[in-house]
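Here's the letter readout for the chains.
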Amino acid sequence: MPAFAVALYHVDPRTGQVVLHAMPILLLILVLLAIAYRYYSAFLAAKVAVLDDTRLTPAHRFYDGQNYHPTNRWVLFGHHFAAISGAGPLIGPVLAIQYGYMPGLLWLVIGVCLAGAVQDMLVLAASVRRDGKSLAEIARTELGYPAMLAAALAILFIVIIALAGLGFVVVKALGGEEVKLPAGLHITLPPEADLPLPQSPSSGRQLYHFPPGCVLRYPNDNKPTHRPEGFTLAVPADTPLKPQGNSVSLPAGCTQVVPGSAWGTFTIACTIPIALLVGWWMYRLRPGRVVEASLVGALLTLAAVIAGNWIPGSPLAPYFTLTREQTILALCLYGFVAAVLPVWLLLGPRDYLSSFLKIGTVLLLVLSVLLANPPLQAPPINEVFLNGGPTFPGSIFPFVFICIMCGAISGFHSLVSSGTTPKMVERESHIRSIGYGAMLIEGLVGVVALITAASLPQDLYYAMNIGIDAAPRWQGAVQQVEERYGLHLPAEAADPLHAAQVDAPHHLDLAQVEERVGGEALRGRTGGAVTLAVGMALIFEDAFRWLGITGQWLLKYWYHFAIMFEALFILTTIDAGTRIARFLLQESAGRLYPPLARTDWLPGALLATALVTAGYGWLIHTGSIDTIWPMFGIANQGLAVLALALVTTWLVNSGRGRLAWVTALPMLFVLSTTTSAAAIMVTVRFPAMIRDGRVLAGSLNIALTLFVVTTVGVVVLWALARWLAAALRYFRTPSLPRPSPSGQP
């Protein structure tokens, strides 16, 4: 096969299937995004939003040097992108690979161009025309006080649910855990290996470190599970393991110990004092030197990634090897402190720091995908898991649209587009590049995350994304996926001069990957963050081979750099989201007790922040990825429905109802997927939690989901009544002149 053809695709010699490579797909998507920005966003700017630079923006009309402040277009673009870019475009596409890569890819590209970027841009335009007001205030202006109350309550609960979804990803990536193993599990050691001696008992338990190469057989399942990596079991001290030749059966009460990531936790912890240093540098040491301070912060962050290599095995390791509960507590404490401290001290500097690293890493990942050009080892459509699989419960419709949200459309963005950004817009024409353009970049992030996950071997992908306790349940289905879609690379791929460089390190098994990323435990790390970090590390390693930078030692640095990159995406959203939820809670509680509405009143700020962090901390503690992420997706998409309904009402009220289809059609589609998913979760998934004994968690999840759907539904119905009334007035008074679309809406 010609080298150029292999750079585009190859034919699997075993199945005869055409296997696409990443580079041509990514180039095509870049062209489509450019066309959407050039033409569709121009149509929105000229005909729908009617942007006009002769109008003074709120940043000029209400200038106060603090909240209202005209800001350079590209500086504001970086701030806006840093604020909207969270875990959604990174994690959702990774989890959705179980359905195959094509459904998620189509939804990302179509959704971001016709729905997500439209929402972000028009909410920003509406807020600028409404003096920089929040989404709840826009609801009051366009629909009245009752709609504002419903919108405010919906936004508050949705933000808390969203923060739980984001925080869960961090906990799964960094925190350790213990997974229960069934009694009677049979472990066969490799030849010539003896049963390991137990370590000293701890809390009535003994620890056994099993070598690589063991074979596990679960009770009532004759299919063997091979473990290429070593692992540690905790066994009750009163029932020690008794060898039977070179095998052993586990008694009741055994668990597998999955240690936390000391390297990753150290790196993330270092970003907090680094952000404080950046804030002090910008506002005290060298005021106004924003770029200089951000570059210093970026260099120190990279140094922290490198220094983390020496933490595992050192005397500092116990302080950074956190359990699941300790990681949740640390996350909540960080959110609490970040939401109470002055913005300039921590939250602001983190925005600047993360803007540089986020945009730089996204560009690096795009270039690396183009250079490495990995084959997409996941199938285009995975028929085995069309009705749900191990990474995400539920059928491909509607759950692929719930699993992948932020990269296609995210209601959370509407809070940013009606929050700080509209108060800083210098000219109305900047709304197009900031609102539509930043969302396109987030869509691109989702695309490269999906490509990264799709390039992993299927056995490696599922080993990381299936919980250890769920492995017996999914073993047969995963084996079927491997037999049906397992990738066999062509002979040309072995040529080191081959332009596509498709073989690289993608034949590694889990044990080899764990060793090369610094000894991290990867099996059963559900949540998608670890999978994405491994995929990014492998692609970076492939790409940098072109520059002559090689060596197996590099992978561990790339892996932890990717973990740091993901955490920055998530933590900047958590600290900003906690502050937003605190303001919303104080505003609502202030109607009952006026002092609580004062954001500068310390007791009120502390109480509101404590309630918010306790709320999402409890959801993380009691949930799992297959319950939290769907609920997060439903809440987030519900907020998108609310935002699109309000923007549609703004268009109708300002005389541009004939163009309301640009927001009404995406709203109707997202409404259909969200309500369908909510119905399934409320009638199937959450009742299953109750039957499993998690009565409080299941009941609360049902109540929260119903509350979100109800409040969003109230606003949508209220808006629909306004649209119908406007349509009736229009048709009953045809002799009256139509409102001018260029007038002040």
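A brief look at the structure comes next. (Residues numbered from 1 in each chain as written. Predicted model: local features only at pLDDT ≥ 70, side-chain atom pairs only at ≥ 80, totals over all residues. Heavy atoms only, no water.)

## Looking at the overall build of the protein chain
Check the secondary structure of the protein chain and you find 25 helices and 10 strands. The principal-axis extents of the C-alpha atoms in the protein chain amount to approximately 95 × 65 × 55 Å. Evaluated residue by residue, the protein chain yields a buried proportion of 59% over its 745 residues. Expressed as a percentage of contacts within the protein chain between residues at least 6 apart in sequence, the contacts between residues at least 24 apart total 81%. (Helix = DSSP H or I, 4+ residues; strand = E, 2+ residues; numbered from the N terminus. Buried < 20%, exposed > 50% of the residue type's maximum accessible area, 1.4 Å probe, protein only. Contact = heavy atoms within 4.5 Å.)

## Topic: the side chain of Ser 410
Structurally, Ser 410 is set in the loop between helix H14 (396–403) and helix H15 (412–417). Here the side chain of Ser 410 touches Phe 412 through a polar contact of 3.3 Å, landing on its backbone nitrogen. Non-local contacts of Ser 410, meaning those with residues more than four positions away in its chain, are made with Gln 119, Asp 120, Met 405, Asn 636, Gln 637 and Ala 640. (Polar contact = N/O pair within 3.5 Å; in protein donor to acceptor, adjacent residues only side chain to side chain.)

## Overview of the packing of helix H8 (residues 145–174) against helix H22 (residues 602–622)
Their axes nearest at 8 Å, the elements H8 and H22 cross at an angle of 55 degrees. Taken together, the axes of H8 and H22 are oblique relative to one another. With respect to the hand of their crossing, H8 and H22 are arranged in right-handed fashion. Within the contact between the two elements, H8 uses Ile 160, Ile 161, Leu 163, Ala 164, Gly 167, Phe 168 and Val 171 and H22 uses Val 612, Gly 615, Tyr 616, Leu 619 and Ile 620. (Axes fitted to C-alpha atoms, helices over the stretch in contact; angles between N-to-C directions. Parallel < 35°, antiparallel > 145°, perpendicular 65-115°, else oblique. Left-handed = near helix turned anticlockwise from the far one by under 90°.)

## A word on the pattern of salt bridges
One pass over the full model with this rule turns up 13 salt bridges. Residues Glu 383 and Arg 484 are paired through a salt bridge, measuring 3.4 Å at the closest nitrogen-oxygen approach. Taken together, the positions of Glu 383 in the loop between helix H13 (347–372) and H14 and Arg 484 in helix H18 (residues 471–485) put the pair 101 residues apart, joining distant regions of the chain. Note on Glu 383: relative accessible area 52%, which makes it exposed. Several salt bridges share partner residues, and in doing so they unite Arg 55, Arg 129 and Glu 428 into one network. (Salt bridge = Lys/Arg side-chain N within 4 Å of Asp/Glu carboxyl O.)

## Looking at the packing of aromatic side chains
Two numbers describe a pair of aromatic rings. These are the distance of the centres and the angle of the planes. If you walk through the whole model with that rule in mind, you get 23 aromatic pairs. With 5.7 Å between their ring centres and 45 degrees between their planes, Trp 107 and Phe 669 make a pair best called tilted. With Trp 107 in helix H6 (residues 101–129) and Phe 669 in helix H24 (residues 661–691), the pair connects residues that are 562 residues apart, well separated along the chain. Note on Trp 107: relative accessible area 8%, which makes it buried. Of the residues examined, Phe 669 reaches a relative accessible area of 34% and is grouped as partly exposed. Measuring from ring centre to ring centre gives 5.3 Å for Phe 210 and Phe 231, while their planes differ by 5 degrees; the resulting arrangement is stacked. Of this pair, Phe 210 sits in strand S5 (residues 205–210) while Phe 231 sits in strand S8 (residues 231–236), placing them 21 residues apart in sequence. (Phe/Tyr/Trp six-rings, centres within 6.5 Å; stacked < 30°, edge-to-face > 60°.)

## Some thoughts on the sheet that holds strand S10 (residues 255–258)
Spatially, S3-S10-S8-S5 is the arrangement adopted by the 4 strands of the open sheet, whose pairing is antiparallel. Among the strands making up the open sheet, the edge pair consists of strand S3 (177–180) and S5. Averaged over all adjacent pairs, the angle separating strand axes in this sheet is 30 degrees, with direction ignored. Where S3 meets S10, 4 bridges bridge the pair, whose relative direction is antiparallel. (Pairing = 2+ DSSP bridges.)

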